[in-house]
Amino acid sequence: MTGRILSTSALVGPALGTLGARFPELRLAPFRSPAWTAALPEAEALVVLLSEPLTEADLAAAPRLRAIGTYSVGVNHLPLEACAARGITVVSTPGVLTEATADLALALLMAVTRRVAEGEALVRSGAWTGWAPEQLLGIGLAGKTCGILGSGPIGRAFARRVWALGMHPVFWDREGAGGQVDIGPVHAPRLPLAALLPASAVLSLHCPLTTHTRGLLDRRALEQLPPGAVLINTARGGILDEGAAMDLLDAGRLGGAGLDVYAGEPDLDSRWLRTPRTVLLPHLGSATVEAREAMARLLCDGLAAALNTPRC
Ligand code: DGY
């Protein structure tokens, strides 16, 4: 079997090692390290992380490349058109991180609305003096509308969770307004953005970052949310105008934000650290043992299939 595989890191579980044993070479080298750059011309498959953007120049430097596997469902860091033009198969990990990512979005929603981080910090500080009627009052969710941008598997899984809390999920997606989205136990309406935003006590982002969704939630869109609305982003930072979101949080116009992703991550805008009513996580959406092992299996199976397929 041919196939020199160059991976920027080890993956969770045995899948990458097993894949490497089936092919002549599996080399691990940090992204853009001298060893990685030196191995690129001979590489037939690359494994990269979502934080490692590949360029057309990388493809040009890798004339033997037949497949790229990204350890993520998102593919916004890959030059997709150039890959297609060169006949390079792109393998990502849809499906297996759906529940983990929806769980994390729910964790952020609960943490923001019930002020979990502040409460925990109060107890740990030793400054808690006891139960008080107005202490750390949060925001109730039952009966309220939850706007969800994106009706793919993660958006639908999140909708099931908020429906179970007694919320009313409504969707916006690129299919346009009208019709219903089947979320399993019930159907939820698909609305135009202009109708969804003013109705959404909670707005959660679950769409991919594409040319169509970059900057989708700009200042004008955020200002259409009702006063006190809570924003959750486990999708991609580039979908949201972070400066506008921070302005509206500072002004008390938004009720809170729970973020797992940031435009320039890991270099997040330091203003986030001073913005009130926020819970900030380090891109943990898929970070469960189960999801990360399944992602590795899916990725490695996809690469094996691509390397075993003769080039047309
Ligand atoms: C992905 O895999 O693209 C997600 O961002 C994980 O959280």
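Let us look at the overall build of the protein chain. From N to C terminus, the protein chain includes eleven helices and 13 strands. Relative to the 2.2 N^0.38 estimate, which gives 20 Å for 312 residues, the radius of gyration of the protein chain is 21 Å and therefore close to what a compact globule would have. On the principal axes, the C-alpha backbone points of the protein chain span a range of 70 × 50 × 35 Å. Within the protein chain, the fraction of its 312 residues that count as buried is 47%. Partitioning the contacts of the protein chain with sequence separation of at least 6, the portion at a separation of at least 24 is 57%. For the protein chain, the exposed surface amounts to about 14400 Å²; the carbon and sulfur share of it is 58%. Side-chain charges in the protein chain split into 27 positive and 28 negative, and the spacing between the mean points of these groups amounts to 2 Å.

Looking now at the site of the ligand. Taken together, Leu50, Ser72, Val73, Gly74, Leu97, Arg236, His283, Gly285 and Ser286 make up the full set of residues near the ligand. Within the contact set of the ligand, an oxygen atom lies 2.6 Å away from a side-chain nitrogen or oxygen of Arg236. A distance of 2.7 Å is found between an oxygen atom of the ligand and a side-chain nitrogen or oxygen belonging to His283. Protein contacts shield 96% of the accessible area of the ligand, which totals 230 Å² for the unbound molecule.

As a further point, take the sheet that holds strand S12 (residues 254-259). The strands making up a sheet are joined through hydrogen bonds of the backbone, oriented either antiparallel or parallel. Judged by pairing direction, the sheet is parallel, and its six strands sit side by side in the order S7-S6-S10-S11-S12-S13 without closing on themselves. In the strand order of this sheet, the two ends are held by strand S7 (168-172) and strand S13 (278-280), each with one partner. Ignoring which end each strand starts from, the neighbouring axes of this sheet average 15 degrees apart. Of the pairings in the sheet, the one linking strand S6 (residues 145-149) to S7 comprises five bridges and is parallel in character. Residue Leu149 lies in a different strand from S7, and its bridge partner there is Trp172.

Sheet topology places strand S1 (residues 4-7) next to strand S2 (residues 25-28); four bridges connect them, and they run parallel. Counted as the bridge partner of Ser7 is Leu28 from S2. The parallel pair S1 and S2, bridged by helix H1 (residues 15-22), forms a crossover whose chirality is right-handed.

It is the contact of H1 with helix H11 (residues 289-308), at a shortest axis distance of 8 Å, that shows an interaxial angle of 20 degrees. In terms of orientation, H1 lies roughly parallel with respect to H11. Relative to H11, H1 is oriented so that their crossing is right-handed. Residues Ala15, Leu16, Leu19 and Arg22 of H1 touch H11, and the partners they reach there are Ala296, Arg297, Cys300, Leu303, Ala304 and Asn308. In terms of residue class, the contact of H1 with H11 is made up of seven nonpolar, one polar and two charged.

Further remarks concern the domain arrangement of the protein chain. Many structure descriptions define interface size as the accessible area lost when the parts assemble. According to the domain assignment, the protein chain contains domain 1 (4-93 + 290-308) and domain 2 (98-126 + 134-280). Centre-to-centre, using C-alpha coordinates, domain 1 lies 32 Å away from domain 2. With four residues of domain 1 in contact, the opposing surface of domain 2 contributes four residues. For the pair domain 1 and domain 2, the summed buried surface comes to about 370 Å²; carbon and sulfur atoms form 56% of the total. For the domain 1 face of the interface with domain 2, the top three residues by lost area are Leu50, Asn76 and Ala291, together amounting to 79%. The tally of links from domain 1 across to domain 2 stands at zero salt bridges. At the junction of domain 1 with domain 2, the criterion picks out one residue pair in polar contact (both at pLDDT 80 or more). Here the residues of the side of domain 1 that touches domain 2 are counted per class, giving two nonpolar, two polar and no charged.

Here we have five strands laid out as an open sheet, ordered S2-S1-S3-S4-S5, and parallel in their pairing. Unpaired on one side and paired on the other, S2 and strand S5 (89-91) mark the two borders of the sheet. With strand direction ignored, the average angle separating the axes of adjacent strands in the sheet is 15 degrees. Pairing geometry for strand S3 (residues 45-48) and strand S4 (residues 67-70), over four bridges, is parallel. Bridge pairing in S4 places Ala45 opposite Ala67. Across the sheet, H1 is in contact with S1, S2 and S3; its angle to S2 comes to roughly 135 degrees.

A separate point is the pattern of salt bridges. On inspection of all chains with the given rule, the structure shows 16 salt bridges. Between Asp173 and Arg190 there is a salt bridge whose closest N-O contact spans 2.8 Å. Within this pair, whereas Asp173 is found in the loop between S7 and strand S8 (180-182), its partner Arg190 is found in the loop between strand S9 (187-189) and helix H8 (193-199), the two being separated by 17 residues in sequence. Among the residues examined, Arg190 registers a relative accessible area of 14% and is labelled buried.

Conventions we followed
- Residues numbered from 1 in each chain as written.
- Predicted model: local features only at pLDDT ≥ 70, side-chain atom pairs only at ≥ 80, totals over all residues.
- Heavy atoms only, no water.
- Helix = DSSP H or I, 4+ residues; strand = E, 2+ residues; numbered from the N terminus.
- Rg over C-alpha atoms; globule rule 2.2 N^0.38 Å.
- Buried < 20%, exposed > 50% of the residue type's maximum accessible area, 1.4 Å probe, protein only.
- Contact = heavy atoms within 4.5 Å.
- Areas by Shrake-Rupley, 256 points an atom, 1.4 Å probe, with all protein chains shown as cover.
- Lys, Arg positive; Asp, Glu negative; His and termini not counted.
- Charge placed at Lys NZ, Arg CZ, Asp CG, Glu CD.
- Near = heavy atom within 4 Å.
- Polar contact = N/O pair within 3.5 Å; in protein donor to acceptor, adjacent residues only side chain to side chain.
- Pairing = 2+ DSSP bridges.
- Axes fitted to C-alpha atoms, helices over the stretch in contact; angles between N-to-C directions.
- Right-handed = clockwise from strand over helix to strand, strands pointing away.
- Parallel < 35°, antiparallel > 145°, perpendicular 65-115°, else oblique.
- Left-handed = near helix turned anticlockwise from the far one by under 90°.
- Nonpolar A, V, L, I, M, F, W, Y, C, P; charged D, E, K, R; others polar.
- Domains from an automatic or database assignment.
- Buried area = accessible area lost by both parts, 1.4 Å probe.
- Salt bridge = Lys/Arg side-chain N within 4 Å of Asp/Glu carboxyl O.

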